[in-house]
Amino acid sequence: MVYRSICNVLRADKMRLLAVFAFVCCCCGVRGQPIQTFVIPHSHMDVGWVYTIQESMHAYAANVYTSVTEELSKVKERRFIAVEQEFFRLWWDTVASDRHKKLVRQLIKEGRLEFIIGGQVMHDEAVTDLEDEILQLTEGHGFLYETFGVRPQFSWHVDPFGASATTPVLFALAGFNTHLISRIDYDLKDGMQNSKKLQFVWRGSPSLKAQQEIFTHTMDQFSYCTPSQLPFSNSSGFYWNGVALFPDPPRDGVYPNMSLPVTKETVHPYAKTMVENIKQRAAWFRTNHVLWPWGCDKQFYNSSVQFSNMDPLMKYINQNSKEFGVTVQYATLSEYFQSVHRSNLTWDVRGGEDFLPYSTEPYQAWTGFYASRNVLKGVARRASSRLHAAETLFTQYRISFPDGPVPKDWALEKLRSLRWAVSEVQHHDGITGTESPQVADMYVQHLTQAMMGVEELLAALFLLPHNLAISGSLSSSSFEKGSDQADQVPGSALEQHIIVYNPLAWNITAVINVTVALPNAAVYDDDGQPVPAQIQTSAQSNGSYDLFVVVELAGLGHRKYLIDFSEKPCSTKPKCSHAYEAKGVWFERLSMKDRAKTGRRLLPVLNDCYKLMFDQDTNLLHSVTSLTDKRRVKVTQDFWEYHANGDVKAGPISDNYIFSANGSAERAYEAVEMEIIPGKIVTEIRQYFYREDADKDHAYSITTRVPERVGSGLPCHRLEQAYSLGPLHLNTEVVLRTSTALRNNRTLYSDDNGYQMMKRAYKEFANNTLARNYFPMVRAAHIEDDLSRLLLLSDRAHGVSSQANGQLEVMLHRRLWNNLTWNLGYNLTLNDSSVVRPTLWMVLGSRNATSRLYQREAIELQHRPVVMPIDQPRRPLTEKEPGSSSAAPPVVLPPSLHLLSLSIPGWNYSSSHEVHLGHINSGQDLQPEPDYDRVLLRLMHIYEEGEDPELSKPVTLNLKEVLQGLGEVRALEERSLTGTWDVSSLQRWEWKTADKLQKNFQQCRGSEGKDFTVTVSPKEIRTFFLRFGSRNF
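Residues numbered from 1 in each chain as written. Predicted model: local features only at pLDDT ≥ 70, side-chain atom pairs only at ≥ 80, totals over all residues. Heavy atoms only, no water.

Q: Quick rundown of the nonpolar core? Include the residues and the values.
A: Formed by 146 residues in total, the largest nonpolar core has its most connected members in Phe148, Phe238, Met274, Trp294, Met310, Leu313 and Leu963. Among the elements that line this core, the one with the most residues is helix H15 (residues 437-463), at twelve residues. Not counting the four nearest positions on each side in its chain, Trp294 is found in contact with Val39, Ile40, Pro41, His42, Thr226, Phe238, Trp240, Phe300, Gln306, Phe307, Met310 and Tyr330. (Core = buried A, V, L, I, M, F, W, Y, C linked by side-chain atoms within 4.5 Å. Buried < 20%, exposed > 50% of the residue type's maximum accessible area, 1.4 Å probe, protein only. Helix = DSSP H or I, 4+ residues; strand = E, 2+ residues; numbered from the N terminus. Contact = heavy atoms within 4.5 Å.)

Printed below as a string of structure tokens:
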């Protein structure tokens, strides 16, 4: 995506005089040698953004691969790099002829067509979750390796809006040798250019350090596009195929804005322009090699025109290389980086800092997209969570019942559809919310349709016989209640059955919420025993009820529950097994005009962890006392809104990407109502915020659920908060502001992609300080002082900031419109009128206590128990048979380890690279049958080194023993992150660094795994292929 690129052009012009002086001194490269220029042809193909994938395939994307394949085959010197796999796979499966496929294989073999990154998309780095980044990379790599034996080793992250420190770690784990980024703060890039610091060795993880370091190249200010300004022509430069046309390509092949052809008259001006740009870039790098990307958005759909003009231009430059001081050659990215690596220089080291947030100009802070399209962000994360649950469940099914009745090909098709949809939306103009409305609708449609398919799969896995320890009928006979309990149910009317599945490899106790239509119910487990439950009117609908049920679930285990509805409330207390019926107490609407009178009447809400005080003078939260620490912290939560400017003539604007507040935030309401519903499972506080005192409907709400202790396993430190916002007024950006007495000095901590926490110190800038102090929050954010920490955990990405001492504000929703011609032309103004309902968990405690909690809590929020109703409420069957339930042994990992992945990828290739290449090179273009027996397992240590005295220690475990609940592990092999490398054969490039740290990490693993014993160190992610023997019951 090229966005406001004119600013880069102007800045480039301003620096031209400085650059002229620079390359006068170095125009002949190192010691008089010509500058060696690597011309890298590419097309940046957004998987979404302005046009849907179908529209892009029709208008230009399919033509890119067809024409590039044909043109590369004509001249052996030509090269091309292919990046996003989604378009390539669509072309390969639906467009490419047998001839094209044969040419592609030959070009790959010759190294002239090179796959870079290799993921389904070029994922965003600010608002994506670690698990989804790995998924989309694995999907693309699996296809490339199975089909071509190709394993990408270089990244090309040229367009994500900022750079996360997690991404280089993942790419290193996947076997990459180098990483390439582009979009970082304009002022930071200027400084790095002038000091020749654009290339460095990045150690993205403070815990892994040099173990997973990677050489990183930052593109200069021209980024991934060829300079578009020609001093001798009004046409764009070096884009001879012009600009792609939508919806249909022109029949005559003539596109708008096609560059002047290279002729005898124009070749010298073209050469002069290109050489000047090459020398300008050369002055910013340490070696004699210049990476010159030739391409931009939607290019090379007519490769014949492109290459037929560039060929003679490059020939002319090389014929006059002594005069120009430059040589040029077509190249792939690997050829460029090989030359840099051979220079054998010593490089600076960058630690675990990221490049977030990102600004392109003083008033263009790209921090708005952290909160754009909240609904899409939520759907994407829910889809990811449901995919994880289905993957783990289907894997268990396949191991236990390889010949079971659920068709394996049908099941894998359902999983692959959701993998594709979740991978697709990770695109840097997808989950970011920076796409047009029609593309956002496309993403949501793909996600919801694929989720429906996975719901069908889950139902089949649960309900068909002979699967996952479910035997016999799931009628009421499976829930035979003891005679005493049965006697207590007066006049049973209807009953409903649900299955609750825990997709985590930890034992958990949790509260689930089932929406029901009747007010009286009792809940029984699969042993017929009553289960603690609570019922009350729903916060979402007056016509339904929330039934809260306490569930205890083993790791990767499920339980069946019977909800027994009755016509009348239970009357045989205290032995009544009915759900506790909670009743609400209303507090009158209070105007903020009288806010000066506060704190006189405080109402406590307590559990074993907290005492929350609510102010009856405002209906707002007043303070929270951590009973463990015996420390009271003043805490207030409410909604504020930033007003955005929509007129470009009046000043900076906010849009999909950019946050540019038109002044400080203002209170978004004038009155608050409150209802408190005391309960035995949860006590619920509902706060309703009204824009005007007399409004009938509220604009915002907070529903806080305070858990009560029901047995020792239910966590009481987790305050669940559900919010409702919208529709917003136009040009408003609404934040939840949590104001506390913590002395945090406006410093906060937020996570990089759910992998690691980053310190975000408040910085003053000459302009736009407010917006440039917003940061992405994917899973977690907190503020702290010497004694306490306030932690927020999120079910989707948001923007977060600390604009004042003790404040933590989360941007939850945005609705914008502006008259910028560019935004109007592409419909990128973000007029989002939706109602959004995100969830946060709030935790308050000491720094030590919360350090032990937040990683696991964030994962439990992401992967909450899956609740599946398996029938509708109905009359109970009269025939009763003895119930039966046999539970599989649980799979429980130590508390420091998270089961990141347990799946059957289906890719079919030999574990031996040589054997696999031999099969590919045999000339047989056969579609292999999916491998249904290879299991992919990923384990992640969720703690940082030194973060906790016990939990930060390396964990050694025997996988054969830990996984015996699944079946007998018969084979184990460690693989790279995406599964395509045997780690014993993976030798990544080493780079000289000033600190000279030892880098012998791979060698220390030689004896591991032979007895199925592995050790996982802090922040490590280790990936394995497993083979199981069938488990029989």
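Q: Could you give an account of the state of the cysteines, with specific residues and numbers?
A: All told, the structure shown has two disulfides when counted by the stated rule. Through a disulfide, Cys225 is tied to Cys296; the S-S separation comes to 1.9 Å. With the S-S dihedral at roughly 65°, the linkage between Cys225 and Cys296 falls on the right-handed side. Taken together, the residues span a long stretch of sequence, with Cys225 in the loop between strand S6 (214-218) and helix H9 (267-282) and Cys296 in the loop between strand S7 (289-294) and helix H10 (303-319) at a distance of 71 residues. Judged on exposure class, the residue Cys225 and its partner Cys296 are both buried. Here Cys609 pairs with Cys716 through a disulfide, and the sulfurs are 1.8 Å apart. (Disulfide = S-S within 2.5 Å.)

Q: Let's hear about H10: which residues, and what values?
A: Along an α-helix, residues three or four apart share an orientation, since each turn contains 3.6 residues. Relative to the 24 Å expected for 17 residues at 1.5 Å per residue, H10 spans 24 Å between its end C-alpha atoms, a close match to the ideal helical length. Turning to H10, the residues buried within the fold contact strand S1 (35-41), helix H3 (53-72), H9, S7, helix H11 (321-324) and strand S8 (326-330). (Expected span 1.5 Å × (residues − 1).)

Q: Lay out the sheet that holds strand S40 (residues 897-903) in plain terms, naming residues and giving numbers.
A: Across the sheet, which stays open at both edges, the four strands sit in the order S40-S41-S46-S43 with antiparallel pairing between neighbours. The open sheet is flanked by S40 and strand S43 (968-975), the only strands paired with a single partner. Sheet twist, expressed as the mean angle between neighbouring strand axes with direction ignored, is 30°. Taken together, the seven bridges between S43 and strand S46 (residues 1021-1029) define a ladder with antiparallel strand orientation. (Pairing = 2+ DSSP bridges. Axes fitted to C-alpha atoms, helices over the stretch in contact; angles between N-to-C directions.)

Q: Account for the sheet that holds strand S17 (residues 545-553), with residues named and values stated.
A: The strand order S14-S17-S16-S19 describes an open sheet built from four strands, whose pairing is mixed. The outermost strands of the open sheet, each flanked by one partner alone, are strand S14 (508-516) and strand S19 (580-581). Examined bridge by bridge, S14 and S17 share nine bridges and lie antiparallel to one another. Counterpart to Asn513 in the pairing with S17 is Phe548.

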